[in-house]
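Structural overview for review
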Amino acid sequence: MSSTTVVITGVGGITPLGEDVDSTWRAMLAGTSGVTRIDQPWVDDLELPAKIAASVKVDPASLLDRVQARRMDRNTQLATVACLEAWTDAGYGFGEDNPIDPERLGVCIATGIGGLGTLINSWDTLTDKGVRRVSPLSIPMLMANSAAGSIGLRLKAKAGAHTPVSACASANEGIALGLDMLRLGRADVAVVGGTEGVIHPLPVAAFGQMQALSRRNDEPERASRPWDVDRDGFVLGEGSVLFVIETLEHAQARGAKIYGELAGAGISNDAHDMVQPDPSGTSQAAAMTKALREADLTPTDIAHINAHATSTPAGDTTEAKSIRIALGDATDNCVVTGTKSMTGHLLGGAGAIESLATVLALRDRQVPPTINLDNPEEGLGIDIATSVRELPSGDLAAINNSFGFGGANVAVAFTNRYATS
């Protein structure tokens, strides 16, 4: 374990539950679903079997300068909105009001797919209108590292601007990479998290063809139902959540408010199948065990897990097994929740919104519910919150899990140590 302690000093987000962190957290504690019918003509025109998604509550372009927004893919727009809130929340300014040495400021913003909308729209423009109508901004807008690069420019971050791409584990990998940057002494401050904005006909059709999406079109708000016997797939979501993380020394020197500690991360790979998890759960458990070891925690320290819990038949069962493997006898004292039941699945942004929920659960000592769990699968062996659950007083620790296609597994550990708010 590194001797460098890393803490969270700023949070920002735009999600299917709210246009900022406060509205998102209130809706989450209230058990509100952000899933609705997709309000686009292509849903019916293309006869898509899945007609629902979890869209953000406000158009991110409306919250940005109009000219700047037009130069960004939706993926980057979402991340920029989240960054503006997180950076301000951390007490930092922009331009000449930014006191951080650029060489000591890094960016790690992940995505699973990136600027897909720009890519497909540019192809349509080329084939329909010819080469001269293709925008010269197409490449900077569609590339996966567009959000990290754009925010690095905005903040003048010169320690590095990184973009992990590990499917649905991407955001937690971005958080883990930022933690490494600070612990290795490559930066004092970093902006980390994930973003995704691909509610578009192609992903909806492709995931649908994989039989991965819920088709509960008549009850959108009840479609995402982790661990329920009637679950039939995940709901595609969009949004971005970013964190400002700092070394404890740097944060305390400037008198920053602290949400809690980013204590450790664990990464593993199933090496089993491109899209199906290893049913043994051992690789997922290994990610959690590595996170505990890096955070200098034991299974008995973990009061809460925010699970990946996508509402897919194989995924939910495997994760329950992996939690039991990782925590052993301590599983009975850990409250587990699946917030995708409310937010849908943000793909490359999923780990970020769920890490936010984990941090705020430790801060407020309240675990948000898993909604729509009407008939739990038998034999799960984990304590799932179906209403808001209170956490005990004292020092607390929690884990957020993210697992992705390709076999990627990332677990991130947080504590409420050093928290001032």
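Higher on the page you've got the structure.
Read on for an overview of the structure. (Residues numbered from 1 in each chain as written. Predicted model: local features only at pLDDT ≥ 70, side-chain atom pairs only at ≥ 80, totals over all residues. Heavy atoms only, no water.)

**Quick word on the nonpolar core**
Counting residues in each nonpolar core, the largest one holds 48 residues, and the members touching the most others are Ile8, Phe243, Ile245 and Leu262. Sorting the residues of this core by element identifies strand E1 (6-14), helix H1 (21-29), helix H8 (170-183), strand E6 (189-196), strand E7 (239-247), strand E8 (260-269), helix H14 (350-364) and strand E15 (408-415) as the ones contributing at least two each. In terms of residue count, H14 provides more of this core than any other element does, 9 residues in total. Apart from the residues within four sequence positions on either side, Leu262 is in contact with Val6, Val7, Ile175, Leu179, Arg183, Ile245, Val412, Ala413 and Phe414. Core analysis: the next-biggest nonpolar cluster, separate from the first, contains 28 residues, Ile305, Leu380, Ile399 and Ala411 among them. (Core = buried A, V, L, I, M, F, W, Y, C linked by side-chain atoms within 4.5 Å. Buried < 20%, exposed > 50% of the residue type's maximum accessible area, 1.4 Å probe, protein only. Helix = DSSP H or I, 4+ residues; strand = E, 2+ residues; numbered from the N terminus. Contact = heavy atoms within 4.5 Å.)

**Regarding H14**
Its 15 residues place the ends of H14 21 Å apart at the C-alpha level, agreeing with the 21 Å of an ideal helix rising 1.5 Å per residue. Most of H14 sits inside the fold, with 13 of its 15 residues counted as buried. Arg365 sits one or two residues past H14 and shows a positive phi near 55 degrees. (Expected span 1.5 Å × (residues − 1).)

**Considerations on the environment of Glu173**
Within the fold, Glu173 resides in helix H8. Sequence-wise, Glu173 and Val410 are 237 residues apart; in three dimensions their C-alpha atoms are separated by 6.3 Å. Within the local environment of Glu173, its side chain forms a polar contact with the side chain of Ser166, the two groups lying 2.9 Å apart. (Polar contact = N/O pair within 3.5 Å; in protein donor to acceptor, adjacent residues only side chain to side chain.)

**Focus: the pairing of E7**
In terms of residue burial, E7 counts as a mostly covered element, since 9 of its 9 residues are buried. The alternating pattern of E7 places Gly239, Val241, Phe243, Ile245 and Thr247 on one face and Ser240, Leu242, Val244 and Glu246 on the opposite face, and all of these are buried. Two elements, E1 and E7, share 8 bridges in a ladder whose sense is antiparallel. Looking at the pairing, Ile14 lines up with Ser240 of E7. Direction of pairing for E6 relative to E7: antiparallel, over a ladder of 8 bridges. Looking at the pairing, Gly194 lines up with Val241 of E7. (Pairing = 2+ DSSP bridges.)

**Here we look at the sheet that holds E1**
Spatially, E5-E4-E6-E7-E1-E8-E15-E14-E9-E10-E12 is the arrangement adopted by the 11 strands of the open sheet, whose pairing is mixed. Across the chains shown, the open sheet's two edge strands, defined by having one partner strand only, are strand E5 (160-162) and strand E12 (383-384). Where E8 meets E15, 8 bridges bridge the pair, whose relative direction is antiparallel. Its bridge partner being in E15, Ala265 is matched across the sheet by Val412. Across the sheet, helix H11 (residues 282-294) lies against E8, strand E9 (302-306), strand E14 (397-404) and E15, angled at about 145 degrees from E8, the strand it touches most. (Axes fitted to C-alpha atoms, helices over the stretch in contact; angles between N-to-C directions.)

**Digging into unusual backbone geometry**
The residue Ala167 is not glycine, and still its phi comes out positive at about 55 degrees. Along the chain, the position of Ala167 falls in the loop between E5 and H8. Not every positive phi belongs to a glycine, and Trp227 is a case in point at roughly 70 degrees. Relative to the helices and strands, Trp227 is located in the loop between helix H9 (201-209) and E7.

**A closer look at the packing of H8 against H14**
At a closest axis distance of 5 Å, the pairing of H8 and H14 adopts a crossing angle of 65 degrees. In terms of orientation, H8 lies roughly perpendicular with respect to H14. Between H8 and H14, the residues in contact are Ala171, Asn172 and Ile175 and Gly351, Ala352 and Ser355, respectively. Of the residues assigned to the contact of H8 with H14, the class counts are 3 nonpolar, 3 polar and no charged. (Parallel < 35°, antiparallel > 145°, perpendicular 65-115°, else oblique. Nonpolar A, V, L, I, M, F, W, Y, C, P; charged D, E, K, R; others polar.)

**Notes on the packing of helix H4 (residues 74-89) against helix H7 (residues 146-155)**
The N-to-C vectors of H4 and H7 enclose an angle of 40 degrees; their axes lie 9 Å apart at closest approach. Viewed along their axes, H4 and H7 adopt a mutual orientation that is oblique. Like other packed secondary-structure pairs, H4 and H7 cross with a definite hand, here right-handed. Judged by residue contacts, Thr76, Ala79, Thr80, Cys83, Leu84 and Trp87 of H4 engage Ser146, Ala147, Ser150, Ile151, Arg154 and Leu155 from H7. Looking at side-chain class alone, the contact of H4 with H7 contains 7 nonpolar, 4 polar and 1 charged residues. (Left-handed = near helix turned anticlockwise from the far one by under 90°.)

**Concerning the environment of Pro201**
Examined against the element boundaries, Pro201 turns out to sit in helix H9. For Pro201, a relative accessible area of 17% puts it in the buried group. Along the backbone, Pro201 and Leu46 are 155 residues apart, and their C-alpha atoms lie at a distance of 8.1 Å. Not counting the four nearest positions on each side in its chain, Pro201 is found in contact with Trp42, Leu46 and Leu48.

Any link to function would need more than the numbers given here.
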